Structure formats: C-alpha cells, structure tokens
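Observations on the model geometry
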There are 2 protein chains.
Amino acid sequence: MKNKLPSWNEGPARQSIIDFIEAVTAENGSDYVKPDDRLAVFDNDGTLWSERPAYFQLLFAMDRVKAMADDHPDWATTQPFQAVLEDDLDALASGGKKALVEIVAQTHAGMSTAEFEDIVLDWMTTARHPSTGRPYTELVYQPMLELLSYLRQHDFTTYIVSGGGIEFMRAWSEDVYGIPPQQVIGTSVETQFELRDGRPVLVRLPEINHVDDKEGKPVGINRYIGRRPIMAFGNSDGDQQMLQWTDAGDGLRFCGLVHHTDAEREYAYDRGAHIGGLDKAWDEALDKGWTIVDMEKDWRWIYSWNLDQA
Amino acid sequence: MKNKLPSWNEGPARQSIIDFIEAVTAENGSDYVKPDDRLAVFDNDGTLWSERPAYFQLLFAMDRVKAMADDHPDWATTQPFQAVLEDDLDALASGGKKALVEIVAQTHAGMSTAEFEDIVLDWMTTARHPSTGRPYTELVYQPMLELLSYLRQHDFTTYIVSGGGIEFMRAWSEDVYGIPPQQVIGTSVETQFELRDGRPVLVRLPEINHVDDKEGKPVGINRYIGRRPIMAFGNSDGDQQMLQWTDAGDGLRFCGLVHHTDAEREYAYDRGAHIGGLDKAWDEALDKGWTIVDMEKDWRWIYSWNLDQA
C-alpha cells in the first residue's frame, strides 16, 4: 500500500500503529495473531468524532426537548426542561447528572426501537453542529476513518465501545464508520417486548441497563464480545479501564489515546476538562508507553472537508 | 453441493430449509438478501443439543455443589444443597425456581470470568451424560451441525440465542458449533471490574443482568445484534417470541421448531413437558406454516456417534 494512513503525519504515533499492525499480521513473526483474534475497540466521543461544545447526543436530546415541547406545556416552567427551552446552559449544568438523566428519560424512552432509530436518523440529516454549521456526521476524524479502514484491510474486526447510547450510534455507525450494529457497544436502556395489533415491537423504557463508561467498558466488552481486544483507542479517563483490560492480555497489545491539542482546527483540552477530561489515563499512558496522538502534530487534517479547503 | 444436509431425510422440513436458503441467496431473485443481513438465530437446549434428564447446565451446577461441598459443611443439612448432595431430585424440584437461583448464585458467581471458563471447560472434559455415558458435547444434534455449516457456506452468520448462561456456552461454542463467543447470546450475570495486584479482572456477581428466555430473547437479539434475523430455530414455548420477532420482518423469513418425537433415539415430549414444553409455539407454528422438524421422521441420525453405530 503506497499511502498508508495519508492523513497522518510521519511521526512516532503513526509509526507505532503501523509497526503494531505489521507485527501481529506477519505470519511467521513471533507476535502473529490469527484474524479471529484481531479485535480493535474504539471509544467514540472525542476519539472518532468531536465532543464539543457538548456530547452530540446531549445536543440531540436538547433538540428533542424543543421538538416535544408543544406536547408538554409544563416544561416551560419546569427544570431542567425550561433551561433547555431557554438555551440556558448554566441553569442546565446546575441540575447536574440528575437533570441529564431526566432529559434522556423523556427523550430517549417511551417509543419503539424502530421509532427511535427514525428520530435519530432524521436528526442526523437535519441538525447542524453549532460552530461549523456541518451535519454532525461530518465531525468525524478523517485520520481515524483511515485507521479503521486500514485495520479492516488487515482482517481486524473494528468495534465501538462508547459511553454514548448504543441505539443512538447504531442508527448511523455503519454508514459513517463502516461498523455494523453488532459491533457497536454503548450505554443502553431496558427494552420491553410487546405485541401491538399482533405485531411484535420492542419498547424503550426509561431505565438504564448498562452504563458503558469507565469500569463499564471492560464489562461491556466481555458481555458483548466475550474475548479480549488486542487494540484499544480512547481519549479520556473514561477509557482508562478499557485500555487496562486490553493491555493486560497476553502477547503484543496496542493502547492509544487521542490528545486534543489543536485549539485552532478542533479543540484543546485535557486535565480538568469537564467533558472528555484526560488526566489519570494520560499518566498511565506515559508510565506504560502507550501511544499518545497529538492532534495538532500528528494529524494532517482533522475532518474530511479540511481536504477540500487545503 | 452433492450431499446437502446428509443427516436429514427427504421430506418437507428438509425441503423448506433448502428452498429458503436458495431463495435468499439467489442474486437475481425477488427474495434475495445481502450477506450482511443473513442472520440466523438458534436456541441451544433442545434445539442444538439434548436437554434431558435436565438442562445440562443444571447438571453442571449440581456437580459444582458436590465439588464445593467440602468448603461448605453446612450444605449437608441446608436445602437446596442437601437435596443436590443426596441426589434427591424430588426435594430439589420442590424448592422450585428459588432453589435453582440459589444453586446458580453459589456455583456461578464469586470467581473471575477466566476462572469460570476454566471450570466449565474442565467439566465438559470430565463429566458424562447419565444415560449415554458420553461427554455432553457429544449430545449435539448432527443434523443441526450440518445446518449451521450449510448456512455459513451460504454467508449466513449463525448465532445462539439461549436461556442458558452466556459464559457457560461461550467456553465451548466455537469448538463444538463453530460459533464464536461474540455470536452467543444467553442469560448473564452482572460482572464487576477490579484491579487485583494491578491486574484487571472481571468478577462474576450473584445478580442477573439478562434473562434470555421468552420475551427476553428478542430483547437479547436487539441488544446484542441490533438487527433482525431472517431465520430462527427453536424447540419450545421459550422460543415463541424469538420466532415472532424474526417472522415480523419484511421479506422472506424462516421459522422452525424441533419437535422431540423420538423416544427411542432421543426423547419424546411436547405439550405439558416441564422442561422444553412445546404448546403455544406449536399452535402458532401450525397457524403460520412455520417448519416443524419431526426428529423421528426427519433426522436420519441424531448424534454423530450414531453414524459409527449404523
């Protein structure tokens, strides 16, 4: 292949990825891994696409509150909905996690799984990311798309392991990342089987089944995949346990972190950030020699449309 | 292929399977389904292997009680453990579901996922099925092994969707059925991520996460796969909702039931059976024209070792 990972600049991060893939696919090498065991797991928010000004799924939930407000006149004077309707992010933030749970329960449950998929796809088509004016699916990182593709060319199976909602991501993950629904692991709600006019439906309930973050990531990997990945990529402390779990297997392993260093082309944040904070996982990466991708230095372009502008 | 499904006798059941597979794989046919959507789900107990004299996993749990009894002297006089230790199946049955839950909690939790896998594999190697004297993995149905293989030759992805324990099955499903862990869906316990001497482990907890039976089967299919199968095979009322869910999709569908009609070579039971009862699902199959496999008439051999005896 002439242009391996063309959106990656030459440097230690790109080289560590290529070295790893060559090592585990060299049939007579000591680090050879058979194709069935070539599993690579990727966090989504901040690793495969941007997560500012807020997790895109939260922006989706806020748009849903606005779309549903006519049917809920009481929301105009009830928090946390009032804060959403008035675009008062400070008031929303003051409600903490409880406010988010209420918003998600109201906007992500009560409909069938098929209805929810339609709502997500409709939003993905019509909603625009505030600072770029682009559809959210254009906020995916071109270098990571190339990496996913490069891995699959080498008989890796690529998984998403994200704190985001599993059915939120599955609606578009195959089109955007080439990752089919059965390779998407995320936070999930309980669903209930019902017959409606003799036709079975699955109804989404306002109860959490699995929180796929921090310790929940290796739990989710074990639950859904049942075998340990050999490669893991994240960007925040929420990915630390997934990286530890991956790293602890036998044989050669790859653990990587995307470091948001590019205030001009994307965003710059790490220690102390309220979304996607990178602190303890960074320390462990430095300690263990995991790969740290410096977005500013290592990526030639961030988004695919940067190429048109170049 | 000259010998399609050689352990199946000519007849309507075998023919309905072949017709379905030919229809969905005929590239210019009106029923064509692209390979990514060729998902087939199979119940395990009573569909891929036998379930008498009791679910094999229950026999495993009872063997575990005996193996652990030295460390639990109180079990000699405490139900339901006393019943297990005295092989008193009536006393055990009188404890109902609560007794089973207690036995499973004691024997299936408290260890790491890796330790549990070792325990299962050890049992599979050493334990013997009471009436045949064979390892349990030799109680799999040869005609169904051929069907799994035939499906995969036609680019189907084959899944297990079973009320049995997901990690109990995953330990041997790839060796026995050619079905890798990520294609096994079952009843699961909660697990907890821990660092032990700096090494991450997942500990199995005595709490259920998912019961993969009846309404839980379509819930599990949606949770793990995220798309609807086009083919489903079961043998009991516990599979009815999985068959309904599969049948309700657009396009050609295959729904099948294994009917245990062979008292001589295997077992004969249906309506009213306390294990693997087939009643409401049978009525629905008759009503909707689902395929019913008559084990006595449709299967030339039941187990692979019947061929050696032939």
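Here, the structure is the one placed above.
Now for a look at the structure at hand. If you're wondering where the values come from, they're calculated on a predicted model, not measured in any experiment.

1. Focus: the packing of aromatic side chains
All names here are of chain B.
- Scanning the model with the defined rule gives 39 aromatic pairs over all chains in all.
- Considering the side-chain rings of Phe60 and Phe116, the 6.1 Å spacing of their centres and the 85 degrees angle between planes classify their relative orientation as edge-to-face. Here Phe60, found in helix H2 (residues 56-68), pairs with Phe116, found in helix H6 (residues 113-126); they are 56 residues apart in sequence, far enough to count as distant.
- The exposure class assigned to Phe60 is buried, which follows from its relative accessible area of 0%.

2. With respect to the relation of the copies chain B and chain A
- The transformation that overlays chain B on chain A combines an axial shift of 0.0 Å with a rotation of 180 degrees, and the residual RMSD is 0.0 Å. The superposition operator between the copies reduces to a two-fold rotation axis. Relative to the rotation axis, the closest C-alpha in chain B is found at Tyr224 of chain B, a distance of 3.2 Å.
- Both copies contact each other with a shared surface, as 100% of the interface residues of chain B are interface residues in chain A too.

3. Considerations on the side chain of Arg64 of chain A
Residues and elements named next belong to chain A.
- Mapping Arg64 onto the fold places it in helix H2 (residues 56-68).
- No salt bridge is formed by the buried Arg64, whose closest oppositely charged neighbour, Asp122, lies at an N-O distance of 6.1 Å.
- Each residue touching Arg64, except ones within four places of it in the same chain, is listed here: Thr107 and Ile119.

4. Some details on the interface of chain B and chain A
- Chain B puts 33 residues into the contact, and the matching count from chain A is 33 residues.
- Across the chain B to chain A interface the summed buried area is about 2900 Å²; carbon plus sulfur atoms make up 49%.
- Between chain B and chain A we count four salt bridges in total.
- A salt bridge links Arg227 of chain A to Glu174 of chain B, with the nearest nitrogen and oxygen atoms 2.8 Å apart.
- Here chain B is connected to chain A by 16 residue pairs in polar contact (both at pLDDT 80 or more).
- The set of elements that each furnish at least two residues to the side of chain B that touches chain A consists of helix H8 (166-170), strand S3 (184-196), strand S4 (199-210), helix H10 (216-224) and helix H11 (240-247) of chain B.
- Split into classes, the residues belonging to the side of chain B that touches chain A amount to 16 nonpolar, eight polar and nine charged.

Quick notes on the rules
- Residues numbered from 1 in each chain as written.
- Chains lettered and ligands numbered in written order.
- Predicted model: local features only at pLDDT ≥ 70, side-chain atom pairs only at ≥ 80, totals over all residues.
- Heavy atoms only, no water.
- Phe/Tyr/Trp six-rings, centres within 6.5 Å; stacked < 30°, edge-to-face > 60°.
- Helix = DSSP H or I, 4+ residues; strand = E, 2+ residues; numbered from the N terminus.
- Buried < 20%, exposed > 50% of the residue type's maximum accessible area, 1.4 Å probe, protein only.
- Least-squares fit on C-alpha atoms with pLDDT ≥ 70 in both.
- Contact = heavy atoms within 4.5 Å.
- Lys, Arg positive; Asp, Glu negative; His and termini not counted.
- Salt bridge = Lys/Arg side-chain N within 4 Å of Asp/Glu carboxyl O.
- Buried area = accessible area lost by both parts, 1.4 Å probe.
- Polar contact = N/O pair within 3.5 Å; in protein donor to acceptor, adjacent residues only side chain to side chain.
- Nonpolar A, V, L, I, M, F, W, Y, C, P; charged D, E, K, R; others polar.

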